[in-house]
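Here is how the chains run, residue by residue.
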Amino acid sequence: MQHTWGTEGKMSRKPLLLVHGAVGVLMCLLAGLGSAADDVITLHGAVQFNDEHAYNKTLLKFEELTRKYYGKAVNFVLHRNSELGLEKDYFVYMNQGRGVDYAVVSPAHMSTFSRSAPFIDAPFLFRDHDHWRKVIDADIFKPIAEEVARKADVLLIGYAGGGVRNVFASKPLPSLNAMKGVKLRVMGAPVWSRAFAAIGMAPSVIAYNEVYNAMQNGVILAGDNEAAGSEQMKFYEVAPHVSLTQHSYTIRPVCFSGKTFKTLPPALQAAVLKAGREAGAYGRDIESREDVAKLEKMEKAGKLKRIAFPDRVQMQSRVAPVLEAYAKEIGAEEILAKINAIR
C-alpha cells in the first residue's frame, strides 16, 4: 500500500499557514489600534466641588474648547469633590508635574511659590464688579502671571471667579464695632490676615475643609466666602448670618502645569492657551450671574439671613494702607497704581 501522508501533510499545511497569516495580520492591526489609542493624550484636572459649582462648569468648558481647537482626541479626567485634596494641593501637584495638570486655584494658595500672586485677589482691591471686570480685561496682572510661571512653573491660562466674598458668622455682625475681636478663618496668604487684623478682627488660617467643624466647635465665629462656596460647603448650617461686606470680588485663575505643557504638541499647546482664556471668561460670567441669585435662594429657603453692612467704606479705608504696604513689599506698586487708575 502506498502511503500518501507526506503529500497530504504538505497540502494540509497550506490552509494552516493562511490561518496563521491572517491571525498575524489581525494582531498587527489590533496592535496598531492599541498604539493609536495609547497616543491619545490624557490630562487630569481637579476641583473641590461638584458639577453644579461654577469652577466645575469652567473646567468642563475648558475641556470642550480644548478638544474643539485641537481638532484631535484628548482624554480628560476631572477629579471632583476634593478627591485629590484641596486647591493648595492641586497647585503643588501642578508645580511638580504629577497628578494634576489643570485646575482652578485661588491666588492665595500660590503664596508659597510667588509672594505677589495673592495680590490678584486681595481684599478691597476692586471698587465694584465693573472695576473688577475692567482690570481683568486690561491684563494688568500679566507681570504676576509671568512670575508665577517662572517661580512655580504653573501657567495662569485664564481668569475665572466673579463671586463676591462676604463675612458669614454664627451671630449677627452688622457693623465694624460688632466685628471687633471676632475670630474668623482666612486663607493662608499674609495679605488676608493683615487686612482683617486692620479691620479689628482676629484672623486665623484654617484649611477650607476644616472650616465647618471649626465653626461648629466654636474655634472660630466667622469666615468669609462667596455664595457658591457657602452653598456647596453648607456653611449656612453653622454660620447663617451673612454680613454684606463685599470685601472681595474674586479672581480664580485657570491653571495649567508648566511641566505638562512643555510635553504637549505645539497645536495642543495653542489650543490649551486659547481654551483657557475663553473658559475663564465663561466662568466669570456664570459666577457673576449666579452669586446674588444663590444668596437670595438660600435666604428664601430659610438657610441664612443677609445683613446690611453700612461700614463698608470705613472698612475699606482701614485696609487701604495694608494693600499699599503689601504692594510695596512685593514690588507691585505699579500694578496697584494701574488698578486704582482704572475708572
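These numbers were taken from a predicted model, which means no experiment stands behind them.

Caption draft 1: Structural detail: the side chain of threonine 245. Within the element layout of this structure, threonine 245 appears in strand E8 (residues 241-257). The class for threonine 245 is buried, based on a relative accessible area of 0%. Of note is the side chain of threonine 245, whose polar atom sits 3.4 Å from the backbone nitrogen of valine 167. In this structure the side chain of threonine 245 is engaged in a polar contact, spanning 2.7 Å, whose partner is the side chain of histidine 247.

Caption draft 2: The arrangement of the environment of valine 319 in detail. Tracing the backbone shows valine 319 in helix H12 (residues 312-330). Here valine 319 falls in the buried class, since its relative accessible area comes to 1%. Along the primary structure valine 319 and phenylalanine 124 are separated by 195 residues, whereas in three dimensions their C-alpha atoms are 7.2 Å apart. Not counting residues within four places of it along the chain, the set of residues in contact with valine 319 comprises Pro123, Phe124, Ala195 and Ile199.

Caption draft 3: Representation of the packing of aromatic side chains within the structure. Applying the stated criterion across every chain yields a total of 13 aromatic pairs. Among the aromatic residues, those joined into a ring-pair cluster are Phe49, Tyr55, Phe168, Tyr208 and Phe235. Lysine 61 extends its terminal NZ or CZ atom over the ring of tyrosine 282, reaching a point 4.8 Å from the ring centre. Lysine 274 extends its terminal NZ or CZ atom over the ring of tyrosine 69, reaching a point 4.2 Å from the ring centre.

Caption draft 4: Layout of unusual backbone geometry. The phi dihedral of aspartate 139 is positive, around 55°, even though this residue is not glycine. Residue placement: aspartate 139 occurs in the loop between helix H4 (129-137) and helix H5 (142-152). Note on aspartate 139: relative accessible area 40%, which makes it partly exposed. Even without glycine at this site, aspartate 153 takes up a positive phi of about 55°.

How each quantity is defined
Residues numbered from 1 in each chain as written. Predicted model: local features only at pLDDT ≥ 70, side-chain atom pairs only at ≥ 80, totals over all residues. Heavy atoms only, no water. Helix = DSSP H or I, 4+ residues; strand = E, 2+ residues; numbered from the N terminus. Buried < 20%, exposed > 50% of the residue type's maximum accessible area, 1.4 Å probe, protein only. Polar contact = N/O pair within 3.5 Å; in protein donor to acceptor, adjacent residues only side chain to side chain. Contact = heavy atoms within 4.5 Å. Phe/Tyr/Trp six-rings, centres within 6.5 Å; stacked < 30°, edge-to-face > 60°. Lys NZ or Arg CZ within 6 Å of the ring centre and 35° of its normal.

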